[in-house]
Number of protein chains: 2
Amino acid sequence: MALFFRTIAGVMLMLAASLGMAPAHAEDGYELWLRYHPLAAQQAQYDRSRASQLVADAATPTRAAARAELLRGLRGLLGAAPPLSDTVTRSGAIIAGTTASSPLIAELHLDTSKLGKEGYVIRSVTLHGHAAIAIVGNDDIGVLYGSFHFLRLLQTGQPLDHLAITEVPRVKLRVLDHWDNLNGSVERGYAGTSIWDWWKLPDWVSPRYTDYARANASIGINGVVLNNVNADALILTPAYLQKAAALAAVFRPYGIHVYLSVRFSAPIEIGGLKTADPLDPEVQRWWRQKTDEIYKLMPDFGGFLVKANSEGQPGPQDYKRTHADGANLFADVLAPHGGVVMWRAFVYSQSSADDRAKQAYSEFKPLDGRFHANVLLQVKNGPIDFQPREPFSPLFGAMPKTPLMMEFQITKEYLGFATHLVYLGPLYEEVLSSDTMAQGKGSTVATVIDGSLDGHALSGMAGIANIGTDRDWCGSDFNQANWYVFGRLAWNPALSTRAIAEEWIRMTFSNDEAFVKPVVDMMMGSREAAVDYMTPLGLAHLMGPGHHYGPAPWDTSLPRADWRPPYYHRADHQGIGFDRTRTGSDAADQYAPPIAASFNDVKQTPETLLLWFHHVPWDYRMRSGHTLWYELVAHYTQGVTDVKRMRETWQHLDGYIDADRYRKTAAFLSIQEREAQWWRDACIAYFQQMSGLPLPPGFAPPQHPLSYYESLSFHNVPGQSSW
Amino acid sequence: MALFFRTIAGVMLMLAASLGMAPAHAEDGYELWLRYHPLAAQQAQYDRSRASQLVADAATPTRAAARAELLRGLRGLLGAAPPLSDTVTRSGAIIAGTTASSPLIAELHLDTSKLGKEGYVIRSVTLHGHAAIAIVGNDDIGVLYGSFHFLRLLQTGQPLDHLAITEVPRVKLRVLDHWDNLNGSVERGYAGTSIWDWWKLPDWVSPRYTDYARANASIGINGVVLNNVNADALILTPAYLQKAAALAAVFRPYGIHVYLSVRFSAPIEIGGLKTADPLDPEVQRWWRQKTDEIYKLMPDFGGFLVKANSEGQPGPQDYKRTHADGANLFADVLAPHGGVVMWRAFVYSQSSADDRAKQAYSEFKPLDGRFHANVLLQVKNGPIDFQPREPFSPLFGAMPKTPLMMEFQITKEYLGFATHLVYLGPLYEEVLSSDTMAQGKGSTVATVIDGSLDGHALSGMAGIANIGTDRDWCGSDFNQANWYVFGRLAWNPALSTRAIAEEWIRMTFSNDEAFVKPVVDMMMGSREAAVDYMTPLGLAHLMGPGHHYGPAPWDTSLPRADWRPPYYHRADHQGIGFDRTRTGSDAADQYAPPIAASFNDVKQTPETLLLWFHHVPWDYRMRSGHTLWYELVAHYTQGVTDVKRMRETWQHLDGYIDADRYRKTAAFLSIQEREAQWWRDACIAYFQQMSGLPLPPGFAPPQHPLSYYESLSFHNVPGQSSW
C-alpha cells in the first residue's frame with residue numbers, strides 16, 4: 001500500500017510539474033525552515049529505506065508533538081509517512097523515546113548520563129536484528145529536540161548511516177524577548193504587529209501559536225518573554241495573566257517557558273500601594289502574592305525580565321536602592337518556584353555627563369556578588385545599543401560572581417529594518433568569539449555566557465525577536481535566518497555561523513548546490529556590507545532621530561546629547577571619532593588589561609573599531625597606506641558595491657526557487673541597494689563638509705548636495721513604540 | 001491524458017482522505033469564497049462534460065485575469081483545468097470574450113446592447129455543431145464578471161444547461177471604504193491592521209493585493225477608497241501618491257478604481273497656503289494641480305471621498321461656505337478627468353442642541369440642487385451611526401436633485417466586533433427595501449440609491465470595509481459573508497439576502513444540505529439576535545464610551561451629550577425612549593408625510609422602532625398584551641437564547657467542515673454567548689434601577705449587581721483610531 005501510494009504520489013508530482021500547475025497555496029514564507037517539501041528523488045529513495053517505520057508513542061504531550069512532527073516531516077519530505085509500529089519489524093525503523101518510556105530503547109543500554117534534561121542522542125543501532133535509528137532523550141523534551149535534529153538531517157541531505165550524534169545545550173536559558181505592547185504594536189518591530197492576539201485570548205487560541213512553538217523548539221529555544229521590556233503594569237492583572245497562561249499551555253509541550261516583563265512600579269499602578277520601594281515589606285508582600293498567583297496559573301512560569309532605571313523606566317534608584325536591591329526583590333519571590341530574574345544592564349543616565357558607553361559597567365561592576373543566586377544580568381552585546389558593529393561589552397568577564405546573560409537583537413532596528421538582507425550570524429559570532437582575556441587567553445564572551453568561565457550553572461542568551469503578524473513571520477524570508485541562527489547559537493555558541501547559514505538555506509529554499517553556495521556567500525558578506533554603507537571603521541549611531549531610519553549624522557533634534565549622532569562621531573575639521581582612551585573618556589580601561597592596552601593604542605586597535613576608540617585626523621595613515629578620509633569613502637563605496645553584487649547574485653538565481661519568494665527578495669534587494677546608496681552619499685556629503693577635503697580620485701560624488709539629504713523627513717516609520 | 005490525469009487525481013484524493021492526511025496548508029479562511037476545492041464526484045463529472053475546453057484569450061490584462069480565474073477555478077473544482085483551445089472542437093466548450101475580441105463570439109450575434117460596460121451574458125449556445133457556454137461582455141470587465149459568475153454556478157452546484165443569464169449592475173459605483181490610517185492602524189477595524197503595506201509600497205507589491213482585487217471583482221466591487229475618511233493630508237504628497245498608484249496598477253485589470261479620502265485643509269497642511277477656503281482662487285488652483293498630478297499617475301482614478309465639518313474635521317463652514325461650495329470645489333477639478341466627489345452627509349454639530357438624528361437632514365436638504373453633476377452625497381443608512389437597528393435616514397427620498405450614495409458599515413463597530421456572528425444581509429435588506437414614499441408607494445431606498453427613482457445616471461453604494469491583515473481577512477470566517485453580501489447587493493439591491501447567504505455558505509464551506517440549511521437559518525436570525533441582546537425595541541447607542549465595546553447605558557464619561565447613552569435611551573422612573581414626534585424633537589416629520597404620520601403615532605410605529613421615536617411609560621401596553629418593561633426584558637433574554645441556539649446549532653455541525661474553521665467559529669460563538677449574556681444582564685440591571693420594577697416572572701435576574709457592570713473597564717480595545 002505504502003509503495004503503491006508513493007508511486008502514485010510521484011506520478012502526481014511529475015504531472016503537476018509538467019502541466020505547470022500552480023500550487024494551491026503560495027510560497028509565502030509561513031513554513032519557515034520547516035517546509036518539508038518533497039526531496040529530490042534519489043535522496044528520497046535513500047532516506048525512505050532508512051525511515052521505513054516509526055516506533056514512537058504519544059503518551060505525553062511532548063512525545064505526541066515529537067511523533068506528530070516526525071510524521072509530518074517524513075510525509076512531506078518522502079511523499080508518505082512511514083507506518084507506525086509498536087516494535088521494530090523491518091530494517092530502517094526510527095525509534096524515538098526515552099529510556100524510561102520505551103522498553104525497546106532501554107534494551108539499547110545507551111549512556112544517557114551526560115544528556116541532562118534537554119540533551120539527546122541520535123544513534124544508528126541494531127534492534128531485533130534490524131538496522132534502526134534511535135532518537136533518545138532522558139526527558140521527553142530531548143526526544144522532541146532530537147526529532148527535529150533528525151528531520152534536519154534529511155532536509156539538508158545528510159547521510160543517515162553510522163549516526164552517533166550527541167547533543168547537549170551549552171546555554172541553559174535560550175530566550176526570545178518580544179518587545180510587544182499590549183495594544184498590538186511592536187517596539188522596533190518590522191514584521192507587522194504582535195502575534196499575540198491579546199484581545200481574543202484566552203478564548204481563542206490561534207493555531208499560529210503552535211507553529212511558533214514548533215519553530216522555536218526546532219532550534220532549541222526554551223523561553224519566551226511575551227511583552228515589551230518597556231512594560232505595561234496591566235500585564236500582571238488577572239485578565240492578562242489568563243491570556244499569558246493560555247499561551248503557556250500551547251508552549252508547554254514544546255519545552256517553552258513563558259516569562260513576563262514587569263514594570264517596577266506595578267505595586268503602585270495596579271496594586272494600590274504608595275511605593276514600589278524594594279525594601280518595603282508591603283511591596284515585597286505584593287510581589288510575593290502576585291508571583292504566587294502567576295505560578296498557580298503557570299506552574300512552569302520562567303520568571304521576570306526587568307528594565308529598571310533605564311530610559312525613563314521606574315526602578316530601585318527611585319528609592320535610593322541599588323539595582324541589586326531591585327533584582328533581589330524579584331529573586332526572592334521567584335526562588336521558591338524555581339523562577340529567575342533577568343535584570344537588564346542597559347542603563348545610562350539622563351543626567352550623567354560620562355560617556356554613555358561606560359555607564360553600564362560603572363553601574364553594575366561594583367554590584368558583582370550582590371545578586372541572589374537566581375538573578376541573571378542581561379547585557380547587550382556591545383556597550384551602546386545594537387549598532388552594526390560595536391566592541392563587546394566590557395561587562396563580559398568583569399563580573400565573575402554574576403551569571404551574565406547575552407542580549408542580542410534579532411530585529412534589525414539599526415540594520416535596515418525588514419528589507420535589508422543582513423545575516424546577523426557573523427555579528428553574533430564576532431561577539432561570542434571575542435576574547436575578554438578576563439582569565440587569560442581563551443576567556444571568550446561565549447565562555448562567559450555559557451557559564452563555563454566562572455562555573456555558573458545558570459546561563460542564558462536572549463534575542464529580541466523579529467517576529468510579527470506578517471505572513472512570513474519576520475518581514476522578509478531572509479530575516480528568518482536571524483531567528484534561526486540566534487536559536488542555534490544559543491544552543492551552542494561555538495557553532496559556525498557559515499554552517500548554520502548553509503543548513504538554513506537548504507531547509508528554507510533548496511539543496512541545489514548552485515543555489516546554496518552563492519547564497520551562503522551573499523549572507524556571510526551581508527553584515528560587513530551593512531557596516532560599510534552605514535557605519536564603517538567603528539562609527540556608530542548615525543541613524544535618523546528616534547525611528548533610526550536612514551542616515552542623519554548631522555541630526556541634533558533630539559533632547560539628549562547621547563541620542564544625537566554628533567555625540568558618537570565627533571567629526572570636525574581636524575578629524576573624526578570618539579576618544580575613549582585615557583586621553584578621552586577612558587572607556588578602553590573598562591576592559592581587561594591586555595585588551596585595554598590594545599584599545600588604548602591607536603596602532604593596535606583593529607581598524608574596524610578605530611573611530612569607536614579614537615579621534616583621529618582626516619589624514620591619519622591607515623594600514624593600507626591610504627588616509628583615513630580615503631578609507632572612509634572607500635568603505636562607504638564598498639558597502640554599496642557589495643549590495644549591488646548581492647542583487648546581481650540574486651538575479652542569477654531566478655528559477656532555482658519559487659517565484660513568490662524570489663520576487664520578494666529581489667524587490668527588497670532593490671530597496672537595499674537604493675538605501676545603501678543613500679547612506680553612502682549622505683554620509684560622504686556630510687563628512688566631506690566636516691573634513692573640507694576633496695573626494696579621493698576615482699570615487700563618484702554624492703548624487704545630491706548635503707542639503708537634500710538633510711531636508712528629508714519621514715512619516716509613519718515602522719517600529720516606533722507610539723503609534 | 002486529461003482523463004488519465006483526472007483518474008490519478010481522484011485516486012490521490014481518495015488515498016489522502018483514507019490515510020487521514022492533513023492538508024499541507026491549514027484552512028485558515030484566506031481563500032474566502034473563492035476556494036475552488038474539489039466538488040463532489042457526481043457534480044464534478046457533470047460539470048466536466050460541460051467545461052471540456054476553454055476558448056479564451058489573454059490579450060488584455062483583464063481578459064488574462066478572466067482566463068486565469070477560469071483555469072484556476074476549474075482546475076480546483078474539477079481536479080484539472082480544461083485544455084485551452086483557439087476554437088470549439090468538442091461539446092462542452094466554454095467561450096469567454098467580447099464580441100469585438102472574438103470572431104467566434106461575434107458569430108453568435110448575441111444582443112449585448114443593454115449590457116453597458118460592466119454587464120454580461122452567460123448563454124448556452126451551439127457553435128460549429130457543438131454545445132457550448134458563452135460568457136460575453138461588451139467590455140473586458142464584463143467578461144471577468146461573467147467568468148466569476150460562471151464559476152459560482154459550479155461552486156454552488158447549479159445546473160449548466162439552458163443557461164440564459166443576463167446581468168447588468170444596477171448601481172454604478174460599488175465601493176469599499178477603508179478607514180485605514182497611514183500608520184497601519186484601522187479605525188473601527190477588528191481584523192488586524194491595514195492590508196496596505198504603505199512603508200514598502202511602491203517597491204514591494206504584495207501578492208495579497210491581487211487576491212483582494214480578485215475577491216472584489218468576484219462580487220462586482222469596482223471602487224476602493226484606500227484611506228480613512230478622517231484623512232491625513234500626507235496621502236496627497238508625491239510619496240504616498242506613488243504608493244496609491246502602485247495599488248491602482250494591481251487593481252486596474254480587475255475593474256477597480258482607486259479613490260482617496262482627502263483632508264479639506266490639505267492646501268494649508270501640505271500646500272503652504274494660508275487658507276482652504278473653497279472660493280479662494282489659490283485654493284482652487286492648488287486642488288486643480290494636485291488633481292492633475294493624481295491623474296497623471298492614475299488615469300482611471302475614481303475621485304475623492306470627503307468628510308468635512310464633521311466630528312472636528314475641517315470643512316467649508318470654517319470659511320462660512322456651504323457643504324455645496326466645498327463639494328463643488330472638488331467636483332470642478334475632477335470633472336475634466338471624469339472623477340466624482342463622494343461627500344459625506346454624516347455631520348452633527350458640536351454646538352447644536354438639536355436632536356443629532358435630525359442634523360444631517362437639516363444641513364443638506366436645503367442644498368438639494370446646489371451640487372454639481374459629479375457629486376454624490378454619501379448618506380449612512382440611518383440618521384445616527386450604524387446602530388444594530390435604525391430607521392432609514394430621512395435624507396433618502398428628500399433630495400431628488402442629488403444622487404444619494406448609500407453608506408453601509410461592513411465592519412461591526414456596534415455589532416460585536418470580530419467575534420460576534422452577525423450576518424448583516426438582513427440589516428442591509430431592511431434598509432434598502434424600506435419605502436420612503438417620497439414619490440408614492442414603491443419609492444424604496446433601493447430606488448433612491450440606484451438612481452431609478454429620480455432618474456440619476458450616477459449612483460453608488462459604499463461599505464466601510466471589515467478587511468485587515470488577519471489571515472482570514474475579516475477577523476472571522478463569518479464576517480467574510482458581510483463583505484460578500486455588501487458586494488452582491490451593491491450590484492443588485494433587490495437580491496434576496498437569504499439567497500446570498502446560501503450561495504456564500506456553499507462557496508465558503510460546503511454544498512452539503514445538512515450543513516447549508518441550518519447555517520442559513522443561523523445567519524438570517526443573527527442580526528435580530530444582536531438587536532435583541534444589545535438594543536431592542538428601537539434603543540440605540542448603549543455601547544461603552546469611545547471604544548463601543550459592551551454595554552454602558554449608564555455612561556456619561558464622554559464630553560459631548562450626544563456621545564452618551566442616556567442621550568439616546570432617556571430612561572427615567574416614568575419610562576424610556578427618545579420622543580422624536582411633534583411633542584419632542586420632531587425628527588419624525590423629516591420623513592415623507594405618510595411615513596411621518598406613522599412614526600408620529602405611537603400605535604402605528606413599528607415596535608422594532610418604538611423607543612427610537614417615542615418616550616413611553618414602563619407599563620405601556622405592547623401588541624403582545626405585555627407591558628413595555630416585560631417586552632424589554634423578554635427581548636434581551638431572547639437575544640441570549642438565540643445566541644445559545646446558534647452555538648448549539650454549530651455544535652451539531654462538527655465534522656461537516658474542516659476542523660480549523662469549525663473550532664474558530666465555535667470559540668467565537670462562546671465569546672458571543674458570554675457577551676450577549678453580559679449585555680442582557682447589564683442592561684436589565686440598569687433599566688431595572690430606572691424603572692424600579694421587579695423582574696417579570698420567569699426571567700432570571702442578572703448574574704451580578706449593576707455596580708459590577710458599571711465597574712468594568714477595558715484596555716487596548718481594538719478599532720480605536722489612536723493606538
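Note that this is a predicted model, so its numbers are computed, not measured. (Residues numbered from 1 in each chain as written. Chains lettered and ligands numbered in written order. Predicted model: local features only at pLDDT ≥ 70, side-chain atom pairs only at ≥ 80, totals over all residues. Heavy atoms only, no water.)

Draft legend 1. A look at the pattern of salt bridges. In total, this model carries 88 salt bridges over all chains according to the counting rule given. Through salt bridges with shared partners, one network takes in Glu27, Arg35, Asp658 and Arg661 of chain A. (Salt bridge = Lys/Arg side-chain N within 4 Å of Asp/Glu carboxyl O.)

Draft legend 2. Expanded view of the domain arrangement of chain A. When its domains are assigned, chain A resolves into domain 1 (28-167), domain 2 (173-505) and domain 3 (532-578 + 615-711). For domain 1 of chain A and domain 3 of chain A, the distance between their C-alpha centroids amounts to 48 Å. (Domains from an automatic or database assignment.)

Draft legend 3. Highlighting the nonpolar core. Judged by nonpolar contacts, the single largest core of 233 residues is most densely connected at Phe150, Phe251, Trp287, Phe330, Trp343, Trp483 and Phe687 of chain B. Looking at this core, the element that brings in the most residues is helix H21 (residues 659-691) of chain B, giving 12 residues. Apart from the residues within four sequence positions on either side, Phe330 of chain B is in contact with Val262, Phe264, Trp287, Phe304, Val306, Val341 and Trp343 of chain B. Among the nonpolar cores identified, the runner-up in size contains 232 residues, and Ile141, Phe396, Ala418 and Met461 of chain A belong to it. (Core = buried A, V, L, I, M, F, W, Y, C linked by side-chain atoms within 4.5 Å. Buried < 20%, exposed > 50% of the residue type's maximum accessible area, 1.4 Å probe, protein only. Helix = DSSP H or I, 4+ residues; strand = E, 2+ residues; numbered from the N terminus. Contact = heavy atoms within 4.5 Å.)

Draft legend 4. Quick peek at helix H11 (residues 356-364) of chain B. All names here are of chain B. Of all nine residues making up H11, seven are buried, and the element is well covered by its neighbours. Those residues of H11 not exposed but buried are Arg356, Ala357, Lys358, Gln359, Ala360, Tyr361 and Phe364. Looking at the buried residues of H11, the elements they touch are helix H10 (323-334), strand E10 (340-344), strand E11 (375-380) and helix H17 (565-569). The distance from a side-chain oxygen at the start of H11 to the backbone nitrogen of Ala357 is 2.9 Å, and the residue carrying that oxygen is Asp355. (Polar contact = N/O pair within 3.5 Å; in protein donor to acceptor, adjacent residues only side chain to side chain.)

Draft legend 5. Expanded view of the packing of aromatic side chains. Scanning the model with the defined rule gives 102 aromatic pairs over all chains in all. Plain terms: the ring middles of Tyr549 of chain B and Phe714 of chain B are 4.9 Å apart, the flat faces sit at 85° to each other, and that makes the pair edge-to-face. Taken together, the residues span a long stretch of sequence, with Tyr549 of chain B in the loop between helix H16 (513-534) and H17 and Phe714 of chain B in the segment after helix H22 (706-711) at a distance of 165 residues. Over the aromatic face of Tyr348 of chain A sits the side chain of Arg356 of chain A, whose NZ or CZ is 3.8 Å from the ring centroid. (Phe/Tyr/Trp six-rings, centres within 6.5 Å; stacked < 30°, edge-to-face > 60°. Lys NZ or Arg CZ within 6 Å of the ring centre and 35° of its normal.)

Draft legend 6. Layout of unusual backbone geometry. A cis amide bond links Leu201 of chain A to the next residue, Pro202 of chain A, at an omega of 0°. Along the chain, Pro202 of chain A falls in the loop between strand E6 (173-177) and helix H6 (207-218). With phi around 75°, Trp473 of chain A is a residue other than glycine that occupies positive phi space. Position of Trp473 of chain A relative to the elements: it lies in the loop between strand E13 (460-464) and helix H14 (480-491). We note that His548 of chain B has phi near 65°; this positive angle belongs to a residue other than glycine. Its location among the elements puts His548 of chain B in the loop between H16 and H17. With a relative accessible area of 10%, His548 of chain B lands in the buried category.

Draft legend 7. A look at the sheet that holds strand E1 (residues 53-56) of chain A. All names here are of chain A. The mixed open sheet is built from five strands, whose spatial order is E1-E2-E4-E3-E5. The two strands at the open ends of the sheet, each matched to only one other strand, are E1 and strand E5 (164-167). Strand-to-strand, the axes of this sheet are offset by a mean angle of 20°, without reference to chain direction. Two strands pair when backbone bridges link them, and strand E3 (residues 120-127) and strand E4 (residues 130-137) are joined in this way by eight bridges, in the antiparallel orientation. (Pairing = 2+ DSSP bridges. Axes fitted to C-alpha atoms, helices over the stretch in contact; angles between N-to-C directions.)

Draft legend 8. Expanded view of the UniProt feature "domain: Glycosyl hydrolase family 67 catalytic" (unreviewed entry) in chain A. Under the feature "domain: Glycosyl hydrolase family 67 catalytic" (unreviewed entry), the UniProt entry names residues 154-473 of chain A. Annotation note: span residues 154-473 of chain A, helix share 26%, strand share 14%, distance between end C-alpha atoms 24 Å. (UniProt positions renumbered as here; feature names shortened; annotations may be inferred.)

Draft legend 9. Examining the packing of helix H12 (residues 425-432) of chain A against H14 of chain A more closely. All names here are of chain A. At a closest axis distance of 9 Å, the pairing of H12 and H14 adopts a crossing angle of 25°. One way to sum up the angle between H12 and H14 is to call them roughly parallel. Considering the relative orientation of H12 and H14, their crossing is right-handed. For the pair formed by H12 and H14, the contact residues are Gly425, Tyr428 and Leu432 on the first element and Asn482, Val485, Phe486 and Leu489 on the second. (Parallel < 35°, antiparallel > 145°, perpendicular 65-115°, else oblique. Left-handed = near helix turned anticlockwise from the far one by under 90°.)

Draft legend 10. Highlighting the packing of helix H9 (residues 281-297) of chain B against H10 of chain B. Residue and element names in this part refer to chain B. At a minimum axis separation of 9 Å, H9 and H10 run at an interaxial angle of 45°. Taken together, the axes of H9 and H10 are oblique relative to one another. The element H9 and its partner H10 pack so that their crossing is right-handed. Counting all contacts with H9, which are made through Val283, Gln284, Trp287, Arg288, Thr291 and Tyr295, the residues of H10 involved are Leu329, Phe330, Val333 and Leu334. A breakdown of the residues in the contact of H9 with H10 according to their chemical character gives seven nonpolar, two polar and one charged. (Nonpolar A, V, L, I, M, F, W, Y, C, P; charged D, E, K, R; others polar.)

Draft legend 11. Representation of the side chain of Arg208 of chain B. All names here are of chain B. With respect to the helices, strands and loops of the structure, Arg208 is situated in helix H6 (residues 207-218). For Arg208, which is buried and forms no salt bridge, the nearest opposite charge comes from Asp472, at a distance of 6.6 Å. A distance of 2.8 Å separates the side chain of Arg208 from the backbone oxygen of Asp470, its partner in a polar contact. (Lys, Arg positive; Asp, Glu negative; His and termini not counted.)

Draft legend 12. Spatial organisation of helix H7 (residues 238-251) of chain B. Spanning 14 residues, H7 of chain B covers 20 Å between terminal C-alpha atoms, matching the ideal 20 Å at 1.5 Å per step. Burial analysis of H7 of chain B places 10 of its 14 residues in the buried class, which makes it a mostly covered element. (Expected span 1.5 Å × (residues − 1).)

Draft legend 13. Seen up close, the pairing of E4 of chain A. All names here are of chain A. In terms of burial, E4 is largely enclosed, as six of its eight residues are buried. Sheet topology note: the strand E2 (residues 93-98)/E4 ladder contains six bridges and is parallel. If you follow Ala93 over to E4, its bridge partner there is Ala132. Count of turn residues in the E3/E4 antiparallel hairpin: two residues, of which His128 carries a positive phi of about 50°.

Draft legend 14. Representation of the sheet that holds E11 of chain B in the model. Residue and element names in this part refer to chain B. One closed barrel holds the eight strands; their spatial order is E6-E7-E8-E9-E10-E11-E12-E13, and the pairing between them is parallel. Going across the sheet, the axis of each strand differs from the next one's by a mean of 25°, ignoring polarity. The pairing of strand E12 (residues 404-409) with strand E13 (residues 460-464) spans four bridges and is classified as parallel. Bridge pairing in E13 places Phe408 opposite Gly463.

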